[in-house]
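# Structural description and commentary
Residue strings, one per chain:
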Amino acid sequence: MCKHILNAKVAIRAPCCRKWYDCPECHAEKNDHDLLRTFEMTLACKKCKKVFRIDTRELEEADEYCPHCDNHYVVPARTPEDNSGMVVTVVGDYQDMIQDDRQPSRWSSSEKDRLDVLFG
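The paragraphs below set out a description of the structure included in this document. Note that the coordinates shown come from a computational prediction; the quantities given were computed from them, not determined experimentally.

What counts, and at which threshold
- Counting from 1, residues in each chain are numbered in the order their sequence is written.
- Restriction of local features to residues with pLDDT of at least 70 applies here, the model being predicted, together with a cutoff of 80 or more for giving and counting side-chain atom pairs; totals for whole chains, interfaces and linings are based on all residues.
- Computation of side-chain values covers all heavy atoms of the structure but excludes hydrogens and water.
- A run of H or I in DSSP counts as a helix once it spans at least four residues, and a run of E counts as a strand once it spans at least two, with each numbered from the N terminus.
- Accessible area is worked out with a 1.4 Å probe on protein chains only. A residue is then buried under 20% of its type maximum, exposed over 50%, and partly exposed in between.
- Whether two residues are in contact is decided by their heavy atoms, any of which lying within 4.5 Å being enough.
- All accessible areas in this document rest on Shrake-Rupley with a 1.4 Å probe, and a residue is counted as covered only by the protein chains that are shown.
- Throughout, nonpolar core names a set of buried Ala, Val, Leu, Ile, Met, Phe, Trp, Tyr and Cys residues whose side chains join them through atoms within 4.5 Å.
- A pair of strands is treated as paired once DSSP finds two or more bridges between them.
- For salt bridges, the criterion is a side-chain nitrogen of Lys or Arg within 4 Å of an Asp or Glu carboxyl oxygen.

### A closer look at the overall build of the chain
When helices and strands are tallied, the chain shows two helices and six strands. The 120 residues of the chain split such that 20% are buried. Nonlocal contacts in the chain, meaning residues at least 24 apart in sequence, comprise 33% of its contacts between residues at least 6 apart. Carbon together with sulfur atoms contributes 50% to the accessible area of the chain, which is approximately 9300 Å² in total.

### Digging into unusual backbone geometry
At Lys49, a residue that is not glycine, the phi angle is positive and equals roughly 65°. Here Lys49 is to be found in the loop between strand E3 (40-45) and strand E4 (51-55). Here the phi dihedral of Asp70 falls at roughly 65°; this positive angle occurs in a residue that is not glycine.

### Some points on the nonpolar core
If you look at the biggest cluster of nonpolar residues, it comprises seven residues: Val10, Leu43, Cys45, Phe52, Ile54, Cys66 and Tyr73. Contributing elements (two or more residues each) for this core: E3 and E4. Counting residues in each nonpolar core, the second largest holds six residues, with Ala14, Cys17, Tyr21 and Cys23 among its members.

### So, the side chain of Asn71
Among the secondary structure elements, Asn71 is positioned in the loop between E4 and strand E5 (86-91). Accessibility expressed as a relative area gives 12% for Asn71, which makes it buried. Residues contacting Asn71, with those up to four places away along its chain left out, are Lys9, Cys45, Lys47, Glu64, Tyr65 and Cys66.

### Considering the sheet that holds strand E1 (residues 10-13)
Pairing within the open sheet is antiparallel, and its four strands lie in the order E2-E1-E3-E4. Of all strands in the sheet, those bounded by a partner on one side alone are strand E2 (20-21) and E4.

### Some points on the environment of Glu25
Looking at the secondary structure, you find Glu25 in helix H1 (residues 24-30). On a C-alpha basis, the gap between Glu25 and Leu35 in space is 9.5 Å, while along the polypeptide they are ten residues apart.

### Focus: the pattern of salt bridges
On inspection of all chains with the given rule, the structure shows four salt bridges. A salt bridge links Arg53 to Glu40, with the nearest nitrogen and oxygen atoms 3.9 Å apart. One end of the pair, Arg53, is in strand E4; the other, Glu40, is in strand E3, and 13 residues separate them in sequence. Judged by relative accessible area, which is 60%, Arg53 ranks as exposed.

Take a look at the structure:
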């Protein structure tokens, strides 16, 4: 799982080393060479696990979807720095996301200290 883009819908095959990565940052962390830039990209859908190619010079709106399962993979990237109220847990290759519905604490630190003295 990618730790840079939390909602990656496809994996990208790097044309320079022919290995699969979720984002360019993942490639940079694991290799000592630059990512080769090309117009033709080979992608693997994370929903149906099928591989397909796109030509970035001729992209249309229909190209934002996997041709096999219609998974919409062109979406705004969500990064760990986003403050979206989501809690992300990554353990090995397992990634879990839950909505954090808790209200932020409304107690000031001095009020908390007083409560700790009274009930602590």
